[in-house]
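# Descriptive structure summary
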Amino acid sequence: MDAVETFPKRSQSKWMPVRRKRARQSKNLEPCSIAERADPAPALATPRVDVTASRSIGRRILDRAARSGGFRIGALLLAGLVLAAALYPELSGIDPAMRDIRARLLPPLFLGDKWSWAHPLGTDQIGRDMLVRCLVGLRYSLLIGVASVAVTVVIGCALGTVAGYFGGRTDTVIMRITDAQLSIPMIILAIAVLGADRPTIPAIILVLGLSNWPVYARVMRSVVMAERGREYVRAAQVSGATHPRILLTLLVPLLVPPLLFTSVLDVARMMIFESTLGFLGLGVQPPTPTFGSIIADGRKYLLNAWWIATMPGVFLCLTLTSINLIGAAFERARNSIHGGA
Amino acid sequence: MDPVLSVRDLSVALTLPGRERTILDAIGFDVAPREIVGVVGASGAGKTVLSRAVVNWIAAPLAIRSGHVSFRGTDLLGLPPRAMRRLRRDIAYVGADPMGALDPTLPVGRQIVEKLRAVMPDVSRREAQARVIALLDAVRIPSATARFHDYPSQFSGGMMQRALIVDAMVSNPALLVADNVTQPLDVTVAAQVIRLMRELTERFETAILFVSSSLPVAREAASRTLVIDQGRLVEEQPTEALIAAPRHAYTRELVAQIPVIWGERPSLPAVPRAAGARPTDAIISLRDVSQTYRVKRRGSFAATSELRAVRNVTFDIVKGDSFAVVGESGCGKSTLMRLLSRLERPSAGQVLCEGRDIARLSGAELLGFRRKLQLVLQDPFNSLPPRTGIGAMLEAPLRIHGWRDPRKIRERVRAVMDDVGLPVALYDELPLGLSAGQRQRINVARAMVLEPEILLMDETLSALDQTEQFKLLALFEKLQRAHGLTYIYISHDLAMVRKACNRIAVMYLGEVVELADNERLFFDPGHPYTRALLSAMPALEARRFRPEDCLMEGEPPSPIDLPQGCAFRSRCPQAFEACLHHPPFLTVRGARDLAACHRVPGAGAALLAGAA
């Protein structure tokens, strides 16, 4: 941790010249198309007033991402899953908690000999429809995963940015709070908070969100510290920008996107944590199905009814794959546009 | 005499997937023993690639296409690495980036010993250490034995460059390749380094290939100069002949662009004084401004010392002036810039803008001041946010100052881009792949977009090569005429200042030591430090001041423990008794000029009055 903290300071004084030199060199070696177009600086050429042809940078990133195959597959998959989770349980009219002892432990379609069209993914030990239960579970998992990561990112980035930008006493106070938070294990926090009261969904989101932000705060602080000393920040100050404006319009748009791509992975982690809590009985309470409780229930039947414990896993896998595909496509598009393509 | 180095028909290409670009095209030249050969060219001409090819240090994506580099008859380019390593003791290389060349975690002396023992394994450690200390002494690093154990961070830039020269010279090489060694150094230190290199050729019989982007610097060092333009060797002549009678068109242009300092009076910028404005109408006045920082004392836990970066500075800048603040690194220029632009408030004294103390401004008034004074920054690569479109960059200041109508904002930004010579087509582009000059134009546009009255140029031109500087200076002149701007240049480049400014303040260790009009300062400087700067300035013409008379060895003392008396006395060849005890005050010379030296007539009287 110490290394992480001291690194940006040193990198500024010692490494910057090297980096700058490299930038200059690469410029020398391959003058890019823009430079060639612009170099003669035809100041007197009639200024074109119509530049609607060129598109804004955000727009270009979106377009480039949308053109990639991975993005399309991911988007289709995610859209399908989200639509199914949103609509199917209501449209099909099947209650995820409805028992049907006669149809218990039915296998998924075309497997074994007792499958039925009424239950495409089979049923569990008391005859509840697996498809509906998985889709309802997906709703809660997605909600909890995305919302708790959002809480984490917002708290972590806000505190880290403020600490890194203002430095000094602000930095010390915020970082000590971060250290304190880091020293509390997530499970202990969860048991303390969720065990004291009935675990509701907002409470679960808060617990998961609050237990993970220190990592973001530290990363954000170190990049902001490195960036704060750069000259363009000074230029913004001289042009009259206030500190909040510099933070929100200059630094955050520059530094947060790379962090967001890694936070996609955290969505998966949060879904798994939620399952863990469910497994411990501290998650969403039955009869509401979540991935954690379905897996916990299906564990006992793993040998003769493997689908009960695996189906939530399959859904989890599909969801995360699609989110990752989309995230990766965006990341690539952003890098290639910002890299001069 | 056989040449030490002979390069024949050398071509190097940059190979990228799908295309290939020639960097060096059929270069050929010789270097005789004990000769210093200069290599001059614009940035991007292939100088660095050439200096690397000569030491057999060409790596992918660069590739050698043809030619030989023979060193005492052996062709280097075909040598296997093992044989090359043995030759490294005879061929040394010094680069432009001394910070990057030394390992920050090892003492400087140990690194040099390590290199010496790598190329000459038969030297014992003790012997090597003695030799390194002797050489550190020879390049005039003060108290070399103690410095041997210091870390690179404890060295100043000039000392680090000297240490690297020791690193190169320690094995008594027959050839030293010096790639832009003086570029990161101040003029007085650069002059010392060049003098040192000339001495070394005599003492150690080393030949030097002296690569530089500046013709005046190469002239200081080299007896013969090669001119490279876009990878081709366009001219080779003895340096004096090259400057007197350049044959190739490119060289002629290069020579013509070097500003004339003392020769014919260069066309000074016409000061566009508004009719009726008296020259006493100060737009910015500094009143006894000081800035003190507290820095942690090295080797202590919580003790701090005072670093007095700017000390009691007083001057006025008149509307329409091109005012320059010159001085070497560490003299307080940048602190002064931060005070003028109100990035910081002075710890004592006042900065007045049209009579109002800017430290007291806040809210709307501060915003008004910001609109009046804008800053153009130094580093074209660092000063633009890397992932913002150029149009958005230029729009930001307008939005800060309350512009809301997107159409008006766009129009204003386009007008400014047109003003500074940026193609409007760049509006939605990122600043990638733009040349340093183009980036600097964006910087100027960002400052100009608010229609300021004062532009503060913080070393704006020092990152650019001669040709770009030339173009931008013309642009500044045009903008000044069109908008009636006042410029404040903060610079270490006296040649540029001579060309562009009408009034000049010279700073040394946080103090203004001389304040004078352009003509007077260059022809009749009142302070020995100004004379030293002028003598060290690389130029193409006969000097008015000889460095031998004006410049003593050494570097400025640390601003943490300032010496008693005159701050410059440790380097001043004319220091006498009074300088030891009494700091000199700015004394009037003539109508408008001031200098802080006991040698100025009248200064003694003030001193006596003070003593009495």
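Chains are numbered independently. Their residues run from 1 in the order of the written sequence. As a convention, the first chain written is A and the first ligand written is 1, with the rest following in written order. The predicted origin of the model limits local features to residues at a pLDDT of at least 70 and limits the giving and counting of side-chain atom pairs to 80 or more, whereas totals for whole chains, interfaces and linings rest on all residues.

## Digging into the overall build of chain B
This is how it is decided: By definition, any uninterrupted DSSP run of H or I lasting at least four residues is a helix, any uninterrupted run of E lasting at least two residues is a strand, and each is numbered from the N terminus. Between the two quantities, the radius of gyration covers C-alpha atoms and the globule rule is 2.2 Å times the number of residues to the power 0.38. Counting other C-beta atoms within 10 Å of each residue's C-beta, where C-beta atoms are placed from the backbone, gives the exposure class: buried for 20 or more, exposed for 12 or fewer, partly exposed between. Whether two residues are in contact depends on their C-beta atoms, placed from the backbone: they are in contact if these lie within 7 Å.
Looking only at helices and strands, chain B has 23 helices and 22 strands in total. The C-alpha radius of gyration of chain B comes to 26 Å, within 12% of the 25 Å expected for a compact globule of 612 residues. A principal-axis box enclosing the C-alpha atoms of chain B has dimensions of 75 × 65 × 55 Å. Looking at the 612 residues of chain B, the share that counts as buried comes to 49%. Restricting to contacts in chain B with at least 6 residues of sequence separation, those with at least 24 account for 67%.

## Quick look at the overall build of chain A
Check the secondary structure of chain A and you find 12 helices and 0 strands. In sequence order, the secondary structure elements of chain A are arranged as α-α-α-α-α-α-α-α-α-α-α-α. Taking all 341 residues of chain A together, 35% fall into the buried category. A separation threshold of at least 6 residues defines the contact pool for chain A, and within that pool the share at least 24 residues apart is 70%.

## Some remarks on the environment of Ala190 of chain A
Residue and element names in this part refer to chain A. Residue position: Ala190 is located in helix α7 (residues 186-196). With 104 residues separating them in the primary sequence, Ala190 and Ile294 have C-alpha atoms 20 Å apart. Apart from the residues lying within four places of it in its own chain, the contact partners of Ala190 are Val207, Leu277 and Leu282.

## Comments concerning the domain arrangement of chain B
Residues and elements named next belong to chain B. Formally: Source of the domain bounds: an automatic or database domain assignment. In this count, Pro and Cys sit with the nonpolar residues alongside Ala, Val, Leu, Ile, Met, Phe, Trp and Tyr, while Asp, Glu, Lys and Arg are called charged and the others, Gly among them, polar.
Looking at chain B, the domain boundaries give domain 1 (33-48 + 81-256) and domain 2 (282-551). Taken together, the contact pairs 15 residues of domain 1 with 14 residues of domain 2. Where the side of domain 1 that touches domain 2 is concerned, the elements lending two or more residues are α8 (187-204) and α9 (215-221). Per-element accounting of the side of domain 1 that touches domain 2 gives the leading share, 5 residues, to α9. Each residue belonging to the side of domain 1 that touches domain 2 can be placed in one class, and the counts come to 8 nonpolar, 4 polar and 3 charged.

## Quick notes on the sheet that holds strand β11 (residues 282-296) of chain B
Residues and elements named next belong to chain B. The line we're drawing: In this description, strands pair whenever DSSP reports at least two bridges between them. Angular values range over 0 to 180 degrees, each being the angle between N-to-C directions of two axes fitted as lines to C-alpha atoms, with helices fitted over their stretch in contact.
Strands sit in the order β12-β11-β14-β15 across an open sheet of 4 strands; the sheet is antiparallel. On the outer flanks of this sheet lie β12 (304-318) and β15 (356-357), each paired with one strand and no other. As defined by bridge partners, β11 adjoins strand β14 (residues 348-353) across 5 bridges and the pair is classed as antiparallel. Across the sheet, Arg287 pairs through a bridge with Gln350, a residue of β14. Together, β11, β12 and β14 form the strand contacts of helix α12 (residues 333-340), whose direction differs from that of β12 by roughly 65°.

## Points about the pairing of β14 of chain B
Bridge count for β14 of chain B against β15 of chain B is 2 bridges, and the pairing is antiparallel. The residue bridging Cys353 of chain B from the neighbouring strand is Arg356 of chain B, located in β15 of chain B.

## Things to note about the confidence of the model for chain B
To be explicit about the condition: Per residue, pLDDT captures the predictor's confidence, and it can take any value from 0 to 100.
Mean pLDDT over chain B works out to 84, with 95% of the residues at or above the 70 mark. In this model, residues 272-277 of chain B is a region of pLDDT below 50 whose contacts with residues beyond four sequence positions or in other chains number 8 contacts.

## Considerations on the sheet that holds strand β18 (residues 486-491) of chain B
All names here are of chain B. Read from one edge of the open sheet, 8 strands run β16-β17-β18-β13-β19-β20-β22-β21, paired in mixed fashion. In this open sheet, the two edge strands, each paired with only one partner strand, are β16 (373-376) and β21 (587-589). When strand polarity is set aside, the average angle formed by the axes of neighbouring strands in this sheet is 25°. Note that strand β13 (residues 322-326) and strand β19 (residues 503-508) share 4 bridges and pair parallel. The residue bridging Phe323 from the neighbouring strand is Arg503, located in β19.

## Section: the environment of Ala539 of chain B
All names here are of chain B. Structurally, Ala539 is set in the loop between α20 (528-536) and α21 (547-550). For the pair Ala539 and Pro259, spaced 280 residues apart in sequence, the C-alpha to C-alpha distance is 8.3 Å. When residues no more than four places from it in sequence are discounted, the contact partners of Ala539 are Pro216, Ile261 and Ala495.

## Description of unusual backbone geometry
All names here are of chain B. One non-glycine residue, Asn180, lies in the positive phi region at around 55°. Note on placement: Asn180 falls in the loop between β7 (175-179) and α8. Located in the positive-phi region is Glu459, a residue other than glycine, with phi close to 50°.

## Description of the nonpolar core
Our working rule: Only buried Ala, Val, Leu, Ile, Met, Phe, Trp, Tyr and Cys residues enter a nonpolar core, and they are joined through C-beta atoms within 7 Å.
By size, the foremost hydrophobic cluster in this structure holds 246 residues, and its most contacted members are Val132, Leu175, Leu209 and Phe210 of chain B. Looking at this core element by element, the count peaks at 17 residues for helix α5 (residues 130-166) of chain A. Taken domain by domain, this core gets at least three of its residues from each of domain 1 (33-48 + 81-256) and domain 2 (282-551) of chain B.

## Focus on the packing of α7 of chain A against helix α8 (residues 201-228) of chain A
All names here are of chain A. Formally: Working definition: roughly parallel below 35 degrees, roughly antiparallel above 145 degrees, roughly perpendicular at 65 to 115 degrees, and oblique for all remaining angles. A clockwise turn of the near helix away from the far one marks a right-handed crossing, whereas an anticlockwise turn of less than a right angle marks a left-handed crossing.
At a minimum axis distance of 10 Å, the contact between α7 and α8 shows a crossing angle of 150°. Between α7 and α8, the crossing angle belongs to the class labelled roughly antiparallel. By crossing handedness, the relation of α7 to α8 is classed as right-handed. In this structure, α7 uses Met186, Leu189, Ala190, Val193 and Leu194 to contact α8, whose residues at the interface are Ala203, Ile204, Val207 and Ser211. Here the contact of α7 with α8 is composed, by residue class, of 8 nonpolar, 1 polar and no charged.

## With respect to the pairing of β7 of chain B
All names here are of chain B. Stated formally: Seen with the strands pointing away from the viewer, any crossover whose path from the first strand over the helix to the second strand runs clockwise is right-handed.
Of all 5 residues that make up β7, 5 are buried, and the element is covered over most of its length. Here β7 shows a buried face lined by Leu175, Val177 and Asp179 and a second buried face lined by Leu176 and Ala178. Looking at chain direction, strand β6 (residues 91-94) and β7 are connected through 4 bridges and run parallel. Counterpart to Ile91 in the pairing with β7 is Leu175. By the bridge criterion, 5 bridges tie β7 to strand β8 (residues 207-212) in an arrangement that is parallel. Bridge pairing in β8 links Val177 to Leu209. What joins β7 to β8 is α8, and the crossover it makes is right-handed.

## With respect to helix α10 (residues 243-280) of chain A
Residue and element names in this part refer to chain A. In plain terms, the rule: Every helix has an expected span of 1.5 Å times one less than the residues it contains. The angle separating two fitted axes, one through the seven residues that finish at a residue and one through the seven that start at it, defines the bend at that residue.
For α10, with 38 residues, the first-to-last C-alpha span of 45 Å runs short of the 56 Å given by 1.5 Å per residue. At Val252, α10 shows its largest bend, some 55°, and a proline, Pro253, comes one to four positions later. Just past α10, the residue Gly281 takes up positive phi, approximately 85°.

## Here we look at the environment of Leu384 of chain B
Topologically, Leu384 of chain B is positioned in the loop between β16 and α14 (390-400). C-alpha separation for the pair Leu384 of chain B and Asn443 of chain B, spaced 59 residues apart in sequence, amounts to 7.5 Å. In this view, Leu384 of chain B contacts Tyr232 of chain A together with Met393, Pro431, Arg439 and Ile442 of chain B; residues no more than four positions away in its chain are not counted.

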